[in-house]
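# Analysis of the macromolecular model
Each chain, written out:
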Amino acid sequence: MTTDAAQPAEAAQPGNAEAVPETEIVTAPPATTPDTVPDTVPADADADADADADADADADAGTPAHEPRRLPVTDVSLVVLIGTTGAGKSSFARRHFRPTEVVSSDFCRGLVADDENDQSASADAFDVLHYIVGKRLAAGRLTVVDATNVQQEARKQLVALAREHDVLPIAIVLDIPPAVCAERNRHRPDRQLPPHVIPRQQRELRRSLRGLEREGFRKVHILRGEAEVAAAEIVTEKRYNDLRHLTGPFDIVGDIHGCRSELETLLGRLGYTLTRDDQGRPVDAVHPEGRTAVFVGDLVDRGPDTPGVLRLVMGMVRAGHAICVPGNHENKLGRHMAGRKVTVSHGLQESLDQLAAEPEEFRAEVRAFMRDLVSHYLLDGGGLVVCHAGLPEKYHGRNSGRVRSHALYGDTTGETDEYGLPVRYPWAEEYRGKALVVYGHTPVPVASFVNNTICLDTGCVFGGSLTALRYPERELVGVPAEQEWYAPVRPMHTDAPGSREGRPLDLGDVAGRRIVETAHHGRVSIREENAAAALEVMSRFALDPRLLSYLPPTMAPCATSRREGYLEHPEEAFLAYAHDGVRQVVCEEKHMGSRAVVLVARDDAALEKRFDLAGPGAIWTRTGRAFLGDEELTAAVLDRVRAAAERAGLFDELETGWLLLDAELMPWSLKAAELLRRQYAAVGAAAGAALPQVLAALELAAGRGLEVAELTAQQRQRAADAEAFTAAYRRYCWPTEGLSGIRLAPFQVLAAEGANLAVRPHDEHLGWIDRLVDADDPAAPILRRTGRLVVDTADEASVAAGVAWWEELTAAGGEGMVVKPLASLVRGGADGRLVQPGVKVRGREYLRIIYGPDYTQYLDQLRQRFLGHKRSLALREYALGLEALDRLAAGEPLWRVHEPVFAVLALESEPVDPRL
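This structure is a prediction, so every number in the text was calculated from the model and none was measured.

### Remarks on the nonpolar core
- Formed by 43 residues in total, the largest nonpolar core has its most connected members in Ile526, Leu548, Leu599, Trp620 and Leu660.
- Discounting residues that sit within four places of it in the chain, Leu660 has contacts with Ser549, Tyr550, Val597, Val598, Leu599, Trp620, Gln748, Val749, Leu750, Ala751 and Leu885.
- With 40 residues, the next largest nonpolar core counts Val313, Leu355, Phe369 and Ala481 among its residues.

Have a look at this one:
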């Protein structure tokens, strides 16, 4: 691999500014009022507030009317109003800008001193002003500074702020005669200035007009006289790099370097039809489906036909079939063709020789084309950024020499390698932006995604390949080089990020208060203390985070039943879904086990390709811990699932090398043996030891004629409840040895390669699961079918059948059932809110385990339980789980998938009644 030895500083040479004039001065003839400023004036505080009264009367003092003056202002920029006190700046700002866009020195003075005229507070006021301006510019918002700004030192700080945040500083000068300014101030009882102040400011303004462009202002609008101020019209312009309105689809092409034949082949493979001139040369290409080609730069140098590449790309751009950003090679070639002195190296001579054979008219077109190229583009609503050498998020959509330099050259560590070439700083490994950044510049053997970035320079001119990315499909298309056209200085192994994840996780990704954006439930907030609790679990107990792509959400119970003897009943679930407009629900048997997520791979290579970790897969709990402490047992379970999936044809049907399943792993005692021993068995044993003796003592008392009948009945009921309690938990316990006794009941196929399947209808899932179970080893099956019944919530007979099925399940000792919308992801109600993805309806006897042996005696109190928080938690965790699966399916990097997964774990530490 090779790169240019030219240093990034070249990008800051004159003429390399971001496709806008270096400074645009817009002025008018001088005002007719003579300048009566004395040669010297005493120093005084800078009185910088404008008169509010009668500013709109600027044009009624006999001054002839002016044609409207259009003042272009970039949509993200720093506008600095300049003018003496009384020039009308505040009125001008109110007339042309939104109140939130204007930061006034008077207002800031009032903030710190409760008096806008207190000149002694000016220093603190401007500290506040600069702070607010900095925050707005950092957020990418148009900001207008309303102060006199007639002194160069005041403007210098504002220009520095604009440069710090990579936005354009724009000056608007209100050059109003001093007599008019003085008259306006006389009408302000709160603003009586010494007579020398306005003349001094006018003199400073006069000095300023000569050098605003040298101070760094990129546009300077000078309005002379009251009539011009009144006739001014602000016109907001989009940044040159803002193409967010273009949504694609796009075909983004990597570095071409004069390889015209390979470019033709690639465009043909992408489906473009070439247009040729009368000499047979390609001059345009159009896609029948309206796709747009995007070129990441370095069209020129090194290769055999730089003019041919330029002719084709310029024709496509001119016809609106393509857009293009400059590479560092275009930058250097353009400067050479403009007559500037550059070092002729790194393939530039080849371009110069080839272009010398072209007519001057074509060379002029090339000069104009390269001069007008913009460093980077924001596309598809800001979700896609295309540039040549990569761009951190803070530079997206910004305009400055620094931004252009990074977009053209990237960043270096300051070191050189053994070939004498600069070592590139691996910015992509630290990238955490929401936009996909597509770039080139540094050749890599194979294009791959790294933290939502991808480098498409696969070294075609060095004998590699020419690569394009189809967007939004994220599909790579490439053609091999026809030969090695240029020998690389450095072999084709990369110092750019080559692995999928780069640096996969960082404490900053999860620590502190977090806001996670979800597609289905908006913004989900994670409190700092919950994040800390999740970090403790994740860092000490969880399995390898590369595999931890999903955590299942908690599930809320149905509404509390008012039926005699019941705390939960299926009627409540059916009524709630009917109220939300859900007609069809599926009732699924709730298994007597523990929730488990199963990631099973077809082979080690399939897992390593997506998760960067070889192996058969993993099984984990709701808190991300390995379900089975025995690795051999885990591998044995996964092998059985893999074999069944293979025989069922699921890998082929879903076109995947891995499957992610939601399941129940049984028996309950497999995971909760210690809980059973310490909590449930202890209660049963204590009741079994104490209550018989209590009943014996009461029978003796009754035999002696004491009135203990009521007490005896109560204790007999307690004994019966205790016996029922013991029987209830024992149903969930049985011995296991190796695979013997283990049962796995999958009920949903969550994801496969490139697909979030969790949003598919539940009957589709259950169909896959039935095939999986049927394909299990019949001699010693471990996979268990999930019983189900579809209920129509608007049909009384169907609802009655659902209730009867639940009663049958629970009478036979089952835990109960889960009721879900058959369509899976559903929105309902008048506001279109997300509907609960499922509610559990537990049986009477199972609830003894949860609420205690004699809970039925306290149903009135238990019916006061509050379900709102649990339901909110279930919805938020469900949305986060879907978000993780969406990101996983989209091939996003680990840290992006892990963000919502970690948030689910964090929400699990929110205080909520654990019995719900």
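What follows continues from the structure just given.
### Regarding the pattern of salt bridges
- Going through the model one piece at a time under the given rule, you end up with 54 salt bridges.
- A salt bridge links Arg523 to Glu517; the nearest nitrogen and oxygen atoms lie 3.3 Å apart.
- Taking the relative accessible area as the measure of exposure, Glu517 reaches 33% and is therefore partly exposed.
- Across the pair Arg842 and Glu568 runs a salt bridge whose closest N-O atoms are separated by 2.6 Å. Pair noted here: Arg842 is in strand β37 (residues 839-842) and Glu568 is in the loop between β26 (556-557) and α16 (570-579), with a separation of 274 residues, a long-range link. Of the two residues examined, Arg842 and Glu568, each falls in the buried class.
- Bridged by salt links that share partners, the residues Asp75, Arg239, Asp242 and Arg244 form one connected network.

### Brief notes about the sheet that holds strand β31 (residues 743-752)
- As summarised here, the arrangement of the five strands in space is β29-β28-β30-β31-β32, forming an open sheet in which the pairing is antiparallel. At either margin of the open sheet sits one strand with a lone partner, and together these are β29 (617-620) and β32 (755-756).
- Strand direction decides the pairing type here: strand β28 (residues 594-601) and β29, joined by four bridges, are antiparallel. Residue Leu599 lies in a different strand from β29, and its bridge partner there is Ala618.

### Focus: the pairing of strand β12 (residues 282-286)
- Sheet topology note: the strand β11 (residues 273-276)/β12 ladder contains four bridges and is antiparallel. By the bridge assignment, Thr275 is partnered in β12 with Asp284.
- If you look at the hairpin formed by β11 and β12, you'll find five residues sitting between the two strands, and Gly280 has a positive phi there, around 85 degrees.

### Digging into the sheet that holds strand β19 (residues 436-439)
- Taken in spatial order, the six strands of this open sheet run β9-β15-β16-β19-β21-β20, and their pairing is mixed. Edge positions in the sheet fall to β9 (242-243) and β20 (449-450), since each has one partner strand and no second.
- Two elements, strand β16 (residues 384-387) and β19, share three bridges in a ladder whose sense is parallel. Residue pairing across strands places Val386 opposite Val438, the latter belonging to β19.

### Thoughts on the environment of Arg622
- Structurally, Arg622 can be placed in the loop between β29 and α18 (631-648).
- Along the backbone, Arg622 and Arg595 are 27 residues apart, and their C-alpha atoms lie at a distance of 6.5 Å.
- Excluding residues that lie within four positions of it along the chain, Arg622 makes contacts with Leu551, Pro552, Pro553, Thr554, Arg595, Glu877 and Glu908.
- A distance of 3.1 Å separates a polar atom in the side chain of Arg622 from a polar atom in the side chain of Glu908.

### Describing a nonpolar patch on the surface
- On the surface, a nonpolar cluster with roughly 270 Å² of combined accessible area is contributed by Phe107, Leu111 and Val112.
- Residue position: Phe107 is located in helix α2 (residues 105-113).

### Digging into unusual backbone geometry
- In the segment running from Gly248 into Pro249, the intervening peptide bond is cis, with an omega of 5 degrees.
- Its place among the elements puts Pro249 in the loop between β9 and β10 (250-253).
- Following Tyr471, the chain continues to Pro472 via a peptide bond in cis, the omega torsion being 15 degrees.
- Mapping Pro472 onto the fold places it in the loop between β22 (465-471) and β23 (475-480).
- Of note in the backbone geometry, Asp301 takes a positive phi value of approximately 75 degrees without being a glycine.

### Some details on the packing of aromatic side chains
- The tally for this structure, following the rule as stated, stands at seven aromatic pairs.
- Measuring from ring centre to ring centre gives 5.2 Å for Phe611 and Trp658, while their planes differ by 75 degrees; the resulting arrangement is edge-to-face. A residue pair is termed long-range when its members are at least 10 positions apart, and Phe611 in helix α17 (residues 604-611) and Trp658 in strand β30 (residues 658-666) qualify at 47 residues.
- According to the relative accessible area criterion, Trp658 is buried, its value standing at 1%.
- Pairwise contacts between aromatic rings join Trp427, Tyr431 and Tyr439 into one cluster.
- Between Arg311 and the ring centre of Phe362, over which it is positioned, the NZ or CZ distance is 4.6 Å.
- In this arrangement the basic side chain of Arg625 is found over the ring face of Phe541, its NZ or CZ atom lying 4.3 Å from the centre.

### Overview of the side chain of Asp298
- Within the secondary structure, Asp298 is located in the loop between β13 (292-295) and α10 (306-318).
- Within polar-contact distance, the side chain of Asp298 engages the backbone nitrogen of Asn328 at 3.4 Å.
- Residues contacting Asp298, with those up to four places away along its chain left out, are Asp255, Ile256, His257, Gly327, Asn328, His329, Glu330 and His388.

### Quick word on the confidence of the model for the protein
- Overall, the prediction assigns the protein a mean pLDDT of 85, with 86% of residues at 70 or greater.
- pLDDT under 50 marks residues 27-64. Its contacts with residues more than four places away, or in other chains, come to 83 contacts.
- Scored below 50 in pLDDT, residues 494-503 shows 38 contacts in the model against residues more than four places distant or in partner chains.

### A short note on the pairing of β28
- Within β28, eight of the eight residues are buried, which leaves the element mostly enclosed by the surrounding structure.
- Across the two faces of β28 the burial is the same, with Ser594, Ala596, Val598 and Val600 and Arg595, Val597, Leu599 and Ala601 all buried.
- Note that β28 and β30 share eight bridges and pair antiparallel. Paired with Ser594 across the two strands is Leu665, which belongs to β30.

### Describing the environment of Gln715
- Tracing the chain through its elements places Gln715 in helix α21 (residues 709-730).
- Sequence separation of Gln715 and Leu695 is 20 residues, and the distance between their C-alpha atoms is 6.8 Å.
- If we ignore the near neighbours within four places in the chain, the residues touching Gln715 are Leu691, Val694, Leu695 and Leu698.

### Focus on α17
- If you check which residues of α17 are buried, you get Ala606, Leu607, Arg610 and Phe611. All buried residues of α17 fall inside an arc of 95 degrees around its axis, so they share one side. Away from its buried face by more than 90 degrees, α17 exposes Ala605 and Lys609.
- Where α17 is buried, its residues touch β28, β29, β30, α26 (868-889) and α27 (894-907).
- Between the side-chain oxygen at the start of α17 and the backbone nitrogen of Ala605 there is a gap of 3.2 Å, and the oxygen is on Asp603.
- Positioned one or two residues after α17, Asp612 has a phi angle of 60 degrees, which is positive.

Calculation criteria
Residues numbered from 1 in each chain as written. Predicted model: local features only at pLDDT ≥ 70, side-chain atom pairs only at ≥ 80, totals over all residues. Heavy atoms only, no water. Core = buried A, V, L, I, M, F, W, Y, C linked by side-chain atoms within 4.5 Å. Buried < 20%, exposed > 50% of the residue type's maximum accessible area, 1.4 Å probe, protein only. Contact = heavy atoms within 4.5 Å. Salt bridge = Lys/Arg side-chain N within 4 Å of Asp/Glu carboxyl O. Helix = DSSP H or I, 4+ residues; strand = E, 2+ residues; numbered from the N terminus. Pairing = 2+ DSSP bridges. Polar contact = N/O pair within 3.5 Å; in protein donor to acceptor, adjacent residues only side chain to side chain. Patch = residues over 30% accessible without salt bridge, like charges linked within 9 Å, V, L, I, M, F, W, Y side chains within 5 Å. Areas by Shrake-Rupley, 256 points an atom, 1.4 Å probe, with all protein chains shown as cover. Phe/Tyr/Trp six-rings, centres within 6.5 Å; stacked < 30°, edge-to-face > 60°. Lys NZ or Arg CZ within 6 Å of the ring centre and 35° of its normal. pLDDT = per-residue confidence, 0-100. Arc of directions from axis to C-beta.

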